[in-house]
Number of protein chains: 2
Amino acid sequence: MASNHVIENISMNKSFGGWHKQYSHQSSTLNCAMRFAIYLPPQVSSGAKVPVLYWLSGLTCTDENFMHKAAAQRMAAELGIAIVAPDTSPRGSEVADDEGYDLGQGAGFYVNATQAPWNRHYQMYDYVVTELPALIEALFPVSNKRAISGHSMGGHGALTIALLNPERYCSVSAFSPICNPINAPWGIKAFTTYLGADKSTWPQHDASELMSKATQLIPAKVDQGGADNFLQEQLMPETLVTAAKASNYPLALAIHEGYDHSYYFISSFIDEHLRFHFEHLNESK
Amino acid sequence: MASNHVIENISMNKSFGGWHKQYSHQSSTLNCAMRFAIYLPPQVSSGAKVPVLYWLSGLTCTDENFMHKAAAQRMAAELGIAIVAPDTSPRGSEVADDEGYDLGQGAGFYVNATQAPWNRHYQMYDYVVTELPALIEALFPVSNKRAISGHSMGGHGALTIALLNPERYCSVSAFSPICNPINAPWGIKAFTTYLGADKSTWPQHDASELMSKATQLIPAKVDQGGADNFLQEQLMPETLVTAAKASNYPLALAIHEGYDHSYYFISSFIDEHLRFHFEHLNESK
């Protein structure tokens, strides 16, 4: 695996006294070149090592959507939090793909595919949990304090990854997550393709299944728009609430009347998420 | 001209307790269908009439760039300011165009074209100064207190429109404006095409020329990134500073080290611009 970390800078933009930067690197986990973005707050220029919020985006997104549209940099600069945004799947002409927007490139679903031809590149779970943080912590002025968040498919990714790795994250949050993918059309399509028709492996990547059985509890915050077109068919936040009750999980879930599935919703509440993570990133653990 | 205002809603997204909405309408000034966006802050839901900031975007932009990337809604919601973002040119298959990104559709330069074939549709000055505000003030819960701002080509538009119509605006601001288009490649190309090779009409649309002779003075704020690739060849803020000295114009212009021409720069300073306009929109005039 990647013992020496080589990354190439693609772009850099000063933002709120800090820097937004894009990099490419050859991922040994995904077997392809990958791009990610990092926001480094101004505190790093004085030598501070800052904690990191990993942001997992939704279907069709790249590293750019969050950095362009979420309006997170102002509060990240104020609090001194770095933000890392990976792409949503392996990419490239040699990488398997599908015509649908909800499968293949742009739709990695943050699992390790076991089915051919997907298993050659689609190992987003390992990439997000292991390879990317190792690279970030080796090359940037950050601490090993981590939080994780995401939107829609990325909200599913953030919740499942945190629930499976509670020792690696101080806190988890999500906007409009796919809370019960084993019972949602997006999840069923992706899991059938990447994990196979044998459903016995699916609950391992279902936030509601994992939360209902959780024993090591890290704080979780979920916000959902009440006017989200995908609310009932794909997202099902009520299953997550039921799961949290079963395990007495510290979940703060709120439905916000009138808000939809877009970044207009995310930007309206991102400051609250950053403050939530800041509080828990700075607890001794 | 448009005595009855007909607009069609295209989209709406709740944002910071207010609403982002896109509309299309048939512009009698531009002879084509036009799209614009409006952000209505939460104060309007209690019956308040709020002031309006008009935002003019730069080359290649539509109404969407500012609304997606500027992160202005948070402060607009806090202060109670509506924001209106028109498109940057007439649009459509029947509208004259050019292969360059800096001419034709997406590059209206906020002037009234006098040269064929451009003069049939390219009347962005009249659209922004007259038709659009009349429509906004007839159909939305806004007052007739107006401010104007913009970026790059739109910064040129905001400054020239405010300088030519000081009685219509309480304040003007710009990010990275084309300060002296009659001496800049972008401006020379656009003015030659839209206004003709006779340069005698050009200074009427040059912010530095207008500011140097201004007698009715409204507060102006300009911010410029020091690492902007277009700074020396296209933007020339020093000519605006010289012009302001000649007329003792109330111009506050700052160069910000390390910032580039992107929305990462705009979002870093948009709160300051909104506060600046808020102060002057609420002075009795």
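Residues numbered from 1 in each chain as written. Chains lettered and ligands numbered in written order. Predicted model: local features only at pLDDT ≥ 70, side-chain atom pairs only at ≥ 80, totals over all residues. Heavy atoms only, no water.

1. A short note on the overall build of chain A
Within chain A, the secondary structure is distributed over nine helices and nine strands. Its C-alpha radius of gyration of 17 Å places chain A within 12% of the 19 Å reference for a compact globule of 285 residues. Over its C-alpha atoms, taken along the principal directions, chain A stretches across nearly 50 × 40 × 35 Å. In chain A, the proportion of contacts linking residues at least 24 apart, taken out of those at least 6 apart, comes to 72%. Per element, the accessible surface of chain A, about 10,400 Å² overall, is 50% carbon and sulfur. The distance from the centre of the 18 positive side-chain charges to the centre of the 27 negative ones in chain A is 7 Å. (Helix = DSSP H or I, 4+ residues; strand = E, 2+ residues; numbered from the N terminus. Rg over C-alpha atoms; globule rule 2.2 N^0.38 Å. Contact = heavy atoms within 4.5 Å. Areas by Shrake-Rupley, 256 points an atom, 1.4 Å probe, with all protein chains shown as cover. Lys, Arg positive; Asp, Glu negative; His and termini not counted. Charge placed at Lys NZ, Arg CZ, Asp CG, Glu CD.)

2. Here's the deal with helix α8 (residues 237–247) of chain B
Residues and elements named next belong to chain B. Taken together, the buried positions of α8 are occupied by P237, L240, A243, A244 and S247. Projected onto a plane normal to the axis of α8, the buried residues spread over an arc of 110° and lie on a single side. Pointing more than 90 degrees away from the buried face of α8 are the exposed residues T242, K245 and A246. Structurally, α8 contributes buried residues whose contacts are with α4 (153–164), α6 (207–212), β8 (220–225), α7 (231–235) and β9 (251–256). N248 occupies a position one or two residues after α8 and carries a positive phi of about 55°. (Buried < 20%, exposed > 50% of the residue type's maximum accessible area, 1.4 Å probe, protein only. Arc of directions from axis to C-beta.)

3. Quick word on the sheet that holds β8 of chain B
Residue and element names in this part refer to chain B. Taken in spatial order, the nine strands line up as β1-β2-β3-β5-β4-β6-β7-β8-β9 in an open sheet, and their pairing is mixed. Edge strands, defined here as strands with exactly one partner in the open sheet, are β1 (7–15) and β9. Averaged over neighbouring strand pairs, the angle between their axes works out to 20° when direction is ignored. Where strand β3 (residues 32–40) lies against strand β5 (residues 82–86), four bridges are found, and the strand directions are antiparallel. Bridged to A37 within β5 is A85. Helix-sheet contacts for α8 involve β8 and β9, and the interaxial angle to β9 is about 155°. Across the sheet, helix α9 (residues 263–281) touches β4 (50–56), β5, β6 (142–150), β7 (171–175), β8 and β9, and the angle it forms with β7 is around 175°. (Pairing = 2+ DSSP bridges. Axes fitted to C-alpha atoms, helices over the stretch in contact; angles between N-to-C directions.)

4. Description of the confidence of the model for chain A
Confidence in the prediction for chain A averages 97 pLDDT; 98% of positions are at 70 or higher. Both confidence scores are given for the complex: pTM 0.96, ipTM 0.94. (pLDDT = per-residue confidence, 0-100.)

5. Observations regarding the environment of L164 of chain B
Residues and elements named next belong to chain B. Counting through the fold element by element, L164 comes out in helix α4. The class for L164 is partly exposed, based on a relative accessible area of 25%. In sequence terms L164 and H205 are 41 residues apart; their C-alpha atoms lie 8.7 Å from each other. What L164 contacts, discounting residues up to four positions off in sequence, is Y125, Q204, H205 and L210.

6. Here's the deal with the packing of aromatic side chains
If you walk through the whole model with that rule in mind, you get 30 aromatic pairs over all chains. Judged by centre distance (5.8 Å) and plane angle (85°), the rings of F175 of chain A and F265 of chain A are edge-to-face. In this pair, F175 of chain A sits in strand β7 (residues 171–175) while F265 of chain A sits in helix α9 (residues 263–281), placing the two residues 90 residues apart along the sequence. Taking the relative accessible area as the measure of exposure, F175 of chain A reaches 0% and is therefore buried. With a relative accessible area of 0%, F265 of chain A lands in the buried category. Arranged with centres 6.4 Å apart and planes meeting at 85°, the rings of F36 of chain B and F140 of chain B form a pair that is edge-to-face. With F36 of chain B in strand β3 and F140 of chain B in the loop between α3 (124–139) and β6, this residue pair connects regions lying 104 residues apart in the sequence. Residue classification places F36 of chain B among the buried residues on the basis of a relative accessible area of 0%. Residue classification places F140 of chain B among the buried residues on the basis of a relative accessible area of 8%. Three or more aromatic residues joined by ring pairs make a cluster, and in this case those are W55, F66, F175, Y259, F265 and F269 of chain A. (Phe/Tyr/Trp six-rings, centres within 6.5 Å; stacked < 30°, edge-to-face > 60°.)

7. Looking at the interface of chain B and chain A
Taken together, the contact pairs 24 residues of chain B with 24 residues of chain A. When the two sides are added together, the surface that chain B and chain A hide from each other amounts to roughly 1,900 Å², 51% of it contributed by carbon and sulfur. Together, K14, H68 and Y264 of chain B form the three largest contributors to the area buried by chain B at its contact with chain A, with a combined 36%. Between chain B and chain A we count zero salt bridges in total. Between the two partners, chain B and chain A, sit ten residue pairs in polar contact (both at pLDDT 80 or more). At the level of elements, β1, β2 (18–27), α1 (64–69), α2 (73–79) and α9 of chain B are the ones that each hand at least two residues to the side of chain B that touches chain A. For the side of chain B that touches chain A, the leading source of residues is α9 of chain B, giving five residues. Partitioning the side of chain B that touches chain A into residue classes produces eight nonpolar, ten polar and six charged. (Buried area = accessible area lost by both parts, 1.4 Å probe. Salt bridge = Lys/Arg side-chain N within 4 Å of Asp/Glu carboxyl O. Polar contact = N/O pair within 3.5 Å; in protein donor to acceptor, adjacent residues only side chain to side chain. Nonpolar A, V, L, I, M, F, W, Y, C, P; charged D, E, K, R; others polar.)

8. Side note on the state of the cysteines
What the rule picks out here adds up to zero disulfides over all chains. Free cysteine: C179 of chain A, not disulfide-bonded; nearest cysteine sulfur from C61 of chain A at 18 Å. (Disulfide = S-S within 2.5 Å.)

9. Brief notes about unusual backbone geometry
Residue P117 of chain A is reached from A116 of chain A by a cis peptide bond, and omega for that bond is 0°. For S176 of chain B, which is not glycine, the phi dihedral falls at a positive 50°. In this structure, S176 of chain B sits in the loop between β7 and α5 (185–194). In this structure, N248 of chain B takes a positive phi of about 55° despite not being glycine.

10. Here's the deal with the pattern of salt bridges
When the charged atoms of two side chains lie near each other, side chains of opposite charge can form a pair. All names here are of chain A. Going through the model one piece at a time under the given rule, you end up with 18 salt bridges over all chains. Taking the shortest distance from any N to any O, the salt bridge between D223 and K221 comes out at 3.4 Å. We classify K221 as buried; its relative accessible area is 14%.

11. Thoughts on empty space enclosed by the protein
Under the defined criterion, the tally for this structure stands at one cavity of 30 Å³ or more. Each pocket or cavity is described by its volume, and for the largest cavity that value is around 100 Å³. Going through the elements one at a time, α2 (73–79) and α9 of chain A together with α9 of chain B are the ones with two or more residues in the lining of the largest cavity. (1 Å grid on protein atoms, 1.4 Å probe; cavity = no way out; pocket = protein on both sides within 12 Å on 5 of 7 lines; lining within 4 Å. Points joined across faces, edges and corners; volume = space filled by probe spheres on them.)

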